[in-house]
Amino acid sequence: MPVIFTTRNVLLAFGLLAVVAGAFSAYDATRSRPTDGAVWVLGGSKIRVVGTVPGGAAERAGLQVGDIIEGIDQQPIRSPRHAAQLLQSKNVGDEVEYLVFDRLANTTDTTTIRLESTRIANLRTYLVYCGLALIYFAAGLYVFWNNSHTIPARLFFLLCTLFLIYFVSASERSVFYYWSDVLTRNFGTLASLMLPPLFLHFFLVFPQPRDWFRRHYRWAIPLLYTLPLLYYAQFTYNQFFGTTLAKVTVIQQMTLGFYFTAGLASLVTTYVTSPDPTLRQRVKILTIGTVLGTLPFLVFNIALGKLLGREEFALFGAIPMVLVPVSFGYSIARYRLMELEVIIRRSIVYGTLTGITVGTYLVIVVLVGNTVLRLSGQTSQLVAIIATLLIAAAFAPARERIQGFLERQFFREKHDLQQALADLAKAIPSTIEVQQLTDLIRERITSLLHPSEFAFVPVNDGILVIRNEETHTALPMITEMIKRRSAPLTTDYLASELARLARGSMGRAQLDRYPRLRREMRVLEHAGLEVLVPGFAGERLVAVLGLGPKRSEAAYEGDELELLQTVAGQMAVQIDNTRLYQDALDRRQLEEEMAMARGIQQRMLPSSVPVVLGFEIAALNLASSQVSGDYYDFVSLLDGNMGIVISDVSGKGMPASLLASNLQASIRALAASHSQPGTILTAVNTSLYESTDPERFATLFLASLNIERRYLLYSNAGHNPPLLRRADGTCEWLEVGATPLGAFPGMEYPESEIYMAPGEVLVLFTDGVTEAEDHAEEQFGECGLEEIVHRLAREPAGEIVSGIRDAVFSHAGSENTGDDITLIVIRALASELDLDDASIAETNETPGSYTA
Amino acid sequence: MTRPILTLVALGLVATIGYGGYRILSEEPRTVTTASDEAYAAWRDAEAERLRFRYDSAVEKLREATRLDPEFAMAYYRLWTLREWMDESEANQHLDTAVTLSDEVSPREQLMIAQGVAIRDENWDELDRLQEELAERFPDDNDVLMQRARRAWEDNDFESAMGYYERVLEKDPERIDIHNQLGYLNLHVGNYDEAIASLNRYNFFAPGLANPHDSLGDAYRFTGEYEKAMQEYATAIEIDPSFVWSAANLAVVLATTGQLDKAAETLEAGRPMLEERGWMNWYHNIRMSLMTAAEDWDGVIQYSGECLEKAKNSEEKEDRFPVPFHFRQAWAYLEKEDLESATQAANVLEEVAAGYKKTFPERAQVSQEFGLAEALLRSHFARATGSPETGIEMLAARLNESSKSPHQLEDYRYELALTYFEAGQFQNAIDECAKLLRVITRHPRTNLLAAKAHNELGNTEDALSHLGVYLDVMKRADKDFPGVADARRLLKKLSSAS
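These figures come from a predicted structure and were not determined experimentally.

**Digging into the overall build of chain A**
Step number 1: Within chain A, the secondary structure is distributed over 25 helices and 26 strands.
Step number 2: Looking at chain A as a whole, 41% of its 852 residues are labelled buried.
Step number 3: Long-range contacts, defined here as pairs at least 24 residues apart, represent 70% of the contacts in chain A between residues at least 6 apart.

**Observations concerning the overall build of chain B**
Step number 1: Secondary structure assignment for chain B yields 26 helices and 0 strands.
Step number 2: Burial status across chain B gives 44% buried among its 498 residues.
Step number 3: By sequence separation, contacts in chain B at least 24 residues apart represent 50% of the contacts at least 6 residues apart.

**Comments concerning the environment of A:T294**
All names here are of chain A.
Step number 1: Counting through the fold element by element, T294 comes out in helix 10 (residues 277-307).
Step number 2: Look at T294 and you get buried, because 21 C-beta atoms sit within 10 Å.
Step number 3: On a C-alpha basis, the gap between T294 and M321 in space is 5.9 Å, while along the polypeptide they are 27 residues apart.

**Re the environment of B:S387**
Step number 1: Topologically, B:S387 is positioned in the loop between helix 20 (364-384) and helix 21 (388-401).
Step number 2: In the structure, B:S387 is positioned 36 residues away from B:A423 in sequence and 7.8 Å away in space, judged by C-alpha atoms.

**Considerations on the sheet that holds strand 11 (residues 463-467) of chain A**
Residues and elements named next belong to chain A.
Step number 1: Pairing in this open sheet of 3 strands is antiparallel, and the strands run 10-11-12 from one edge to the other. The open sheet has two edge strands with one neighbour each: strand 10 (459-460) and strand 12 (472-474).
Step number 2: The pairing of strand 11 with strand 12 spans 3 bridges and is classified as antiparallel. Directly across from R467, in strand 12, lies its bridge partner H472.

**With respect to the sheet that holds strand 21 (residues 723-725) of chain A**
Residue and element names in this part refer to chain A.
Step number 1: What the 5 strands build is an open sheet, ordered 16-26-25-21-22; its pairing is antiparallel. Every other strand in the sheet has two partners, leaving strand 16 (615-622) and strand 22 (731-733) as the edge strands with one partner each. Pairwise comparison of adjacent strand axes, ignoring direction, gives a mean angle of 15° for this sheet.
Step number 2: Note: strand 16 against strand 26 (residues 821-828), 8 bridges, orientation antiparallel. Its bridge partner being in strand 26, L620 is matched across the sheet by L823.
Step number 3: Most of the contacts of helix 25 (residues 797-812) go to strand 26, to which it runs at about 145°, and overall it touches strand 16, strand 25 (761-765) and strand 26.

**Observations regarding the nonpolar core**
Step number 1: B:A251 and B:A330 are the most contacted members of the largest nonpolar core, which totals 166 residues.
Step number 2: Per-element tally for this core: the top contributor is helix 14 (residues 244-256) of chain B, with 10 residues.
Step number 3: Discounting chain neighbours no more than four positions away, the residues touching B:A330 are B:A342, B:A345, B:A346, B:L349 and B:L377.
Step number 4: A:L620, A:L713, A:A797 and A:V801 belong to the second largest nonpolar core, which has 75 residues in total.

**Details of the pairing of strand 14 (residues 531-537) of chain A**
Residue and element names in this part refer to chain A.
Step number 1: Across the 7 residues that make up strand 14, a large majority, 5, are buried.
Step number 2: Both strand 13 (residues 489-490) and strand 14 contribute to a ladder of 2 bridges, which runs antiparallel. Across the sheet, the residue bridging to T490 is V531, located in strand 14.
Step number 3: Pairing of strand 14 with strand 15 (residues 540-547), which is carried by 7 bridges, proceeds in the antiparallel orientation. When the bridges of strand 15 are listed, V533 appears paired with L545.

**Notes on unusual backbone geometry**
Step number 1: The backbone of A:E777 sits at a positive phi, close to 60°, despite the residue not being glycine.
Step number 2: Examined against the element boundaries, A:E777 turns out to sit in the loop between helix 23 (767-770) and helix 24 (781-792).
Step number 3: Given 6 C-beta atoms within 10 Å, A:E777 falls into the exposed group.
Step number 4: At B:N156, a position not held by glycine, the phi torsion is positive, near 65°.
Step number 5: Looking at the secondary structure, you find B:N156 in the loop between helix 8 (142-154) and helix 9 (158-171).
Step number 6: B:N156 sits in the partly exposed class, given 14 other C-beta atoms within 10 Å.

**Looking at the packing of helix 19 (residues 339-359) of chain B against helix 20 of chain B**
Residue and element names in this part refer to chain B.
Step number 1: It is the contact of helix 19 with helix 20, at a shortest axis distance of 10 Å, that shows an interaxial angle of 165°. In terms of axis orientation, helix 19 runs roughly antiparallel to helix 20. When the axes of helix 19 and helix 20 are compared, the crossing they make is left-handed. Residue-level inspection shows L339, A342, A346, L349, E350, A353, Y356 and K357 of helix 19 in contact with helix 20, the latter providing S367, F370, E374, L377, F381 and A384.
Step number 2: Of the residues contributing to the contact of helix 19 with helix 20, the split by class is 10 nonpolar, 1 polar and 3 charged.

**Topic: the environment of B:A58**
All names here are of chain B.
Step number 1: Following the sequence through the fold, A58 ends up in helix 3 (residues 55-68).
Step number 2: Taking the C-beta count within 10 Å as the criterion, A58 has 23 such neighbours and is therefore assigned buried.
Step number 3: When the C-alpha positions of A58 and L79 are compared, they lie 8.6 Å apart, and in sequence the two are 21 residues distant.
Step number 4: Setting aside residues up to four positions removed in sequence, A58 forms contacts with A46, E49, R50 and L82.

**Considerations on helix 1 (residues 7-29) of chain A**
Step number 1: With 23 residues, helix 1 of chain A ought to run about 33 Å at 1.5 Å a step, and its terminal C-alpha atoms sit 32 Å apart, in line with that.
Step number 2: Where helix 1 of chain A is concerned, the buried positions are A:L11, A:A18, A:A21, A:G22, A:S25 and A:A29.

**As for the confidence of the model for chain A**
All names here are of chain A.
Step number 1: Mean pLDDT over chain A stands at 81; residues scoring 70 or higher make up 87%.
Step number 2: Per-element mean pLDDT across chain A ranges from 69 in helix 13 (residues 347-376) up to 96 in strand 25.
Step number 3: Predicted confidence for residues 339-347 stays below pLDDT 50, and this span has 27 contacts to residues more than four positions away or in other chains.
Step number 4: Scored below 50 in pLDDT, residues 833-852 shows 43 contacts in the model against residues more than four places distant or in partner chains.

Scoring rules and cut-offs
Residues numbered from 1 in each chain as written. Chains lettered and ligands numbered in written order. Predicted model: local features only at pLDDT ≥ 70, side-chain atom pairs only at ≥ 80, totals over all residues. Helix = DSSP H or I, 4+ residues; strand = E, 2+ residues; numbered from the N terminus. Buried ≥ 20, exposed ≤ 12 C-beta atoms within 10 Å, placed from the backbone. Contact = placed C-beta atoms within 7 Å. Pairing = 2+ DSSP bridges. Axes fitted to C-alpha atoms, helices over the stretch in contact; angles between N-to-C directions. Core = buried A, V, L, I, M, F, W, Y, C linked by C-beta atoms within 7 Å. Parallel < 35°, antiparallel > 145°, perpendicular 65-115°, else oblique. Left-handed = near helix turned anticlockwise from the far one by under 90°. Nonpolar A, V, L, I, M, F, W, Y, C, P; charged D, E, K, R; others polar. Expected span 1.5 Å × (residues − 1). pLDDT = per-residue confidence, 0-100.

Okay, structure coming up:
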């Protein structure tokens, strides 16, 4: 739908059309065209006189109501249109012969009529009316321009536009047969007929809606608008086929006067009886202005003018009406009146559309009936009646369909609420996806209750949050109220709370709460929401349904709110269940991932530790429930030395495992062509940095062990420094190196060499050893490691590994420390004689062998 | 968003339907086939001119229509129907063109063109067949309705005839000639107010024509408004000096109001036109009525004799049955109380009337008139022979049987009233006079007779009232007009008595 068709634009277009129509009417009123001063019926083939302008040419010539004009200027008249064309060809002042059939005397006679001008006689009075029209329109436009998003402003603009049309077009015309007169007269009459119900309707809902009107809107709205539209239908019929002058009759004027009076009464009653002093203050000027502006109109224009025929006092009634738009404009500008909470009056549109549907139906029936009769040449009244009834019956289904469509647009479907609830109760539990669930509820509630807005208001950390295009606004006060009430919250309730705060003693707490609540209410209003329905899962507020006012503008009834509450509750429970289900799904996925990662990790580890002369090597890798990136490896370097690798890759699960695997492959590939640990680490660092995200890195200790010479050349890339226990019991930590691999580009990794004398023990470990915590969150730490290594220094490497493991478990109080434990113990033997089979430790979970 | 759109769409729909319906209802359906709007407008103008007897102008308009649309078949046909206002060859050419183009027109137009061909070829059987087919297929066609109206009129079904004419008028208000027909029909059925209203309409729509004034003259004459009648006839003559009907009728009215010299003058002025048209019998009748009004019985006897002699040698079959001449002659003899001659004349009249009826069996209306004339004569006979009662019975029965309109029975009702008077039944005479005076309020001799009857009954006031009307009507009568002297004597007598 193109953006151009917004309500604002449409209303502006209507206003523009009204201005054009008014300008045309004013121009037409000042034009001079020839007229005979007789008022004819516009339809049919005969010119039947239904009225004459008082003191006009026709009256002076003796024409009377009921006369039939059979000829003009020696021409037989074929139709009113033909007669109008004949007159249009004449000039003002021409004397034209008329052949007139006098029905009363049953004679035909000729008479001469001197044509007069159609220009409006009392131009000064007309200009006053035009001035009033402009003031009304200007006031309405001003209000609308500044508040076009609010319905009361739109309504006020409509009222003022109709007043424009009424003032400019409704002045009495001397003739109806020129098409411009017909148009203008119809504009004016329609406006004059629609103004009273609109006036009354407006004041039944503004500044405060009437409860009885809200309860009985179903019949009240059609009654308001259908009656004037029927009056207009009668007026239209009289214009074309009637026997009397087409005008708003005395009875009709009285009815319309009643509308105005009732509207005034409603406004005054609201003003007098409202308990809200703020409201009374705001509408005081408006009330006084409207009363002072409308009462003279009722007295001078309606009572004296229309009912008693004393038109000379009309101006006394018209001029004070300027007080109405002026007081409205002032009140709106001063008190921002249109920001008060009012129920949207879109039912005016419904009422008007219903009336137009009925009116169109009647017009179609009459026109088609006349066409059929004319084509068939039938003149019998009975045939005419039967034909009309048949045509009415034929078009009735179409009218009902259109009406049904309108009903569905504006009113909820006639569903049993219980049935609707039952349907939802079945559908909700079987909907697992949250999005699907919200879509289902939106679709059902929207089709059932026709709210203007519908939203799922999220609850973040227990607080409602309203989202608009740019910001998220938390509503803590409203959240608190919702939780306190555990029931739907309406803007009416909030308004009453606000009023209570306003009325109550303004202690410090109140002073703070009032503006906060007001701010939150504005946010709700801006979002177009009127009702908030909480959904609790147990005691927890899970979600809130936000609904705008119904399109029909009726209030949400008790059973509807109950339905909403039930639905919201079901929805909350289902959302909770859905989340749990989702969590379970996520966990399973995670477990599967962990199993795969664990598999990768296990496959990386050497199947067995190498057996080398002069050294005892034992290794251990214990994976935790969350797989980390620990691994160790033994590689053969270019110079034939044995490479010893221990590494801890950042992260957990599959990503860590894959990175570790990648790292292992890189080390192994470089080991085949390099001998220096520092060189290898430098290359690996560069490779890792370029191929992974910055947050992905690995700590790694690489050592090259010259078995014969017992020298260990190493470089430490940010790993836990291995512990070297000397034979004399001192400990060294092998720290020489640089940053972890992959963290920084272009790092150079320095090396250091140590000599491992017989009986010295080198322990390589990952942080799972030293960071294991006890119940007091005390870590095992390096001291703990030192202590156990000291104690077990003379034991075989395998015993040392087991002993460290047990010590860690003992410290942690369980075998599940939450992290992998990886250990390599290398014990320099005294001589080859120390080497025995028992010292070949197989502590890996999976046996393997190393072949140098 | 849909609501404003719905509103606009609904408003647009209402406006469109309203305007479209208004245009549809006010549009007139075309009755002829032409592709050109201008040609159709010219056709309409031509029809309007034709109905106003402005045939030359109608022919020009039709020629223009054929120029604008060379394939306008009906325009060519209509030109042929106005053949009296153009060369015969041109007229025939137009009909031939219409026939050539008749394939492209509606079936109705085809039938009409075919009728033209039948008329040109004098194929009357074919014409009858075509007219029947047209009536059957297009019962609501204006031309068919006009035909039916004429037939109904010929069959004296005046109400039906009016119905058909009114239907045509309703469909086509431009058929202003129908107002004239309706005027005369209303006169026939005695709706005199309606008749005058229709003729006023005719006069309004056809200004500058003599015929409407002549028709109005007739209406006023039949209702006894002699001054208005004379004015209308005079206007007709002024507009069209060759309008011989008005001249003749004016002479009759002048005679009725006692202005015999003027009547004779008017009649003589119109004689050449009557002669030219072959309506001398009418002339003779009016001449004899003037003599009758002047009570110049010898003149009537002589003149009627001359006319009867001429009639014997007439070539026209109808002229050989001069019933009116025989009637006037017999009447004159009765007035002169020459019963023998009157009887002889009456016998001849009977024979001639019987002969007419036999020769023209379809002319029942005329035969009926002759029957009434016979009854009139017999009544006069009865009076003359001193037994008016016989005359009364016979004449009253004939009057009751007659379907003629009241003004057409003027002479007969007067005769009945006179017979009552002579029979001494003055009240009956007054009643009969009243019946006639209800229609022709200012009928002069009836008013005089009524005055005399009232006088006999001693109703001086009524007698004076009737006398006053008589003298007012006859205020311009010739000095020696017989009735006037009579009336003055009675007035003197009544005045002195009151």
